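# Reading the structure
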Amino acid sequence: MTGQGENRVDCPQTRQKHLSRSYAWFMWFLRGFGAVPQKDHRRRSFGFRCFYIARLFVVLTLILLFNAQLTFLFVQATAKLQTTTVVKLHFFSRSQFLMNIALGIVIFSRRSRKLPAVLSAIVKACVWAYDEDWRIFRWFIRYCWFQLLFLFGALFPVGVVLKFLTGRHLRENLLGTSLPAEVTSVAMITIQTLGIAFRIAHLSLVVITCGALGLQFRRLNADLKVSRSGKTTADRTMSGLLVRHYQLSELVGQFDAIFSPSLLLFTAADLVVVTCLISSLISSGQMEAAMGLYITQTSTDIIVYTTYTFGAILVLISRVVVAAYLNHQAIACVPELYKALQGPDTDKELKGSIKVTLQRLRDLPVALSCWGLIIMNKNFILTITGLLASYLVVVIEISSKNGACISPVGELRSMMSATTANATILTLE
């Protein structure tokens, strides 16, 4: 059976099961953090419930210990040397990143009780009757798995090896207790990696949902064009397509109600990390040197910090792009609806349904939001791009003005004196 030059298939149920399994894998990962309830409503024993709550408590305790150690190292470094903007940026970037994750886990765990039911409804609403739609959607799933595999298969092992190689024969204080540097560094990298893994699993649910529903809206828009051309079938009537659009829009709203608070926190955290990276890479070599406070960095810290920051940039771009894709596909039907509304063959009842749909799309945007404060669409992408570009220009301008008064001898002297401080200052990783 063919339609519009594309091959329809007879295995939509198999593909729905595949989508359900993809959801189940990432839900299982989030349950490991205690952030998602069990998938059934069976009455659990008291011991099981205590163990489930303990997982969330352990995760939050580790994050708080990470920030306590980070603060301790920062205070220890600034007590011995003058505090520089670079060190402050590193401290603030890491600290707020982990604290945002902790707060996001707590809020998400309180709002995720309906998540299994919402995801189940999304799986049932998705119809994969075309090979093209399924091929595109599989790339969304592969991208989600690529992020997790790259984190645990490449970034984490490389970070651990680098810390072991550079931290040998050094000692650090763990909240006042002297320990080998590689022990504390690896422990902090592990905690940070687990926090990033939670963010990736959270993002994966967003990517899969936006991809699945976006493709459903895309197929619906194609069916609307077919319906207007007069080649209607039982499943392509204009009224039936309007009802389906409403159903898909309701699923987007239910999904957004669960994810919007954590999306706000995580998006804000990523923006802070990006701005800190800009300041660190551009201003550290000029603004600090002009004040005689130039602090060098070891190659290990540069590699780990830069990689982690570009990972945050990738997560931010992925989240915003897939959300904008969903919104674009949901409102792409508006031109076709206006054409149908002006058509002479459209009856009054259908015109009334079209007007209701257009009014709903205008008053209730079909998109993910940051707790209702920001709508993630194309305009949001332009806003973020303009914000970061403006910040980049300002930092470069300030850096160039300060760089005009840099003395090469003074800069070299500062760099040589700062080299001995690397072991203390840049253990913030």
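Keep in mind it's a predicted model, so treat the numbers as computed, not measured. (Residues numbered from 1 in each chain as written. Predicted model: local features only at pLDDT ≥ 70, side-chain atom pairs only at ≥ 80, totals over all residues. Heavy atoms only, no water.)

## Quick word on helix H10 (residues 334–342)
- For H10, the set of buried residues is Glu 336, Leu 337, Ala 340 and Leu 341. For H10, the angular spread of buried residues about the axis comes to 140°, placing them on one side. (Buried < 20%, exposed > 50% of the residue type's maximum accessible area, 1.4 Å probe, protein only. Helix = DSSP H or I, 4+ residues; strand = E, 2+ residues; numbered from the N terminus. Arc of directions from axis to C-beta.)

## Things to note about the environment of Thr 307
- Residue position: Thr 307 is located in helix H9 (residues 299–331).
- Taking C-alpha positions, Thr 307 is 9.7 Å from Gly 159, a pair spaced 148 residues apart along the chain.

## Topic: the packing of helix H1 (residues 12–31) against helix H4 (residues 115–125)
- The geometry of H1 relative to H4 is characterised by a closest axis approach of 9 Å and an angle of 160° between their N-to-C directions. Put simply, H1 runs roughly antiparallel to H4. Between H1 and H4 lies a crossing of right-handed hand. Note on element contacts: H4 touches H1 through Leu 115, Pro 116, Leu 119, Ile 122, Val 123 and Lys 124, opposite Gln 16, Leu 19, Ser 20, Tyr 23, Met 27 and Arg 31. (Axes fitted to C-alpha atoms, helices over the stretch in contact; angles between N-to-C directions. Parallel < 35°, antiparallel > 145°, perpendicular 65-115°, else oblique. Left-handed = near helix turned anticlockwise from the far one by under 90°. Contact = heavy atoms within 4.5 Å.)

## As for unusual backbone geometry
- Of note, Trp 371 is a non-glycine position whose phi angle comes to about 60°, a positive value.
- By relative accessible area, Trp 371 is classed as partly exposed at 45%.

## Some details on the nonpolar core
- Phe 108, Leu 115, Ile 122, Phe 137, Phe 198, Leu 205 and Phe 259 are the most contacted members of the largest nonpolar core, which totals 100 residues.
- When residues of this core are assigned to their parent elements, the largest contribution, 19 residues, is made by helix H6 (residues 181–228). (Core = buried A, V, L, I, M, F, W, Y, C linked by side-chain atoms within 4.5 Å.)

## Here's the deal with the side chain of Thr 267
- Here Thr 267 is to be found in helix H7 (residues 238–283).
- Note on Thr 267: relative accessible area 3%, which makes it buried.
- In this structure Thr 267 touches Leu 316, Arg 319, Cys 370, Met 376 and Phe 380, once residues within four positions along its chain are discounted.

## Side note on the confidence of the model for the protein chain
- Taken over all residues, the pLDDT of the protein chain has a mean of 78, while the share at 70 or more is 75%.
- Low pLDDT, under 50, characterises residues 285–297; the stretch is placed with 44 contacts to residues that sit more than four places away or in other chains.
- The low-confidence segment residues 404–429 (pLDDT under 50) makes 53 contacts with residues lying over four places distant or belonging to another chain. (pLDDT = per-residue confidence, 0-100.)

## A few points about a nonpolar patch on the surface
- A cluster of nonpolar side chains, namely Trp 25, Trp 28, Trp 145 and Leu 149, defines an oily patch on the protein surface of about 510 Å² accessible area.
- Breaking the nonpolar patch down by element, the ones donating at least two residues are H1 and helix H5 (131–166). (Patch = residues over 30% accessible without salt bridge, like charges linked within 9 Å, V, L, I, M, F, W, Y side chains within 5 Å. Areas by Shrake-Rupley, 256 points an atom, 1.4 Å probe, with all protein chains shown as cover. Salt bridge = Lys/Arg side-chain N within 4 Å of Asp/Glu carboxyl O.)

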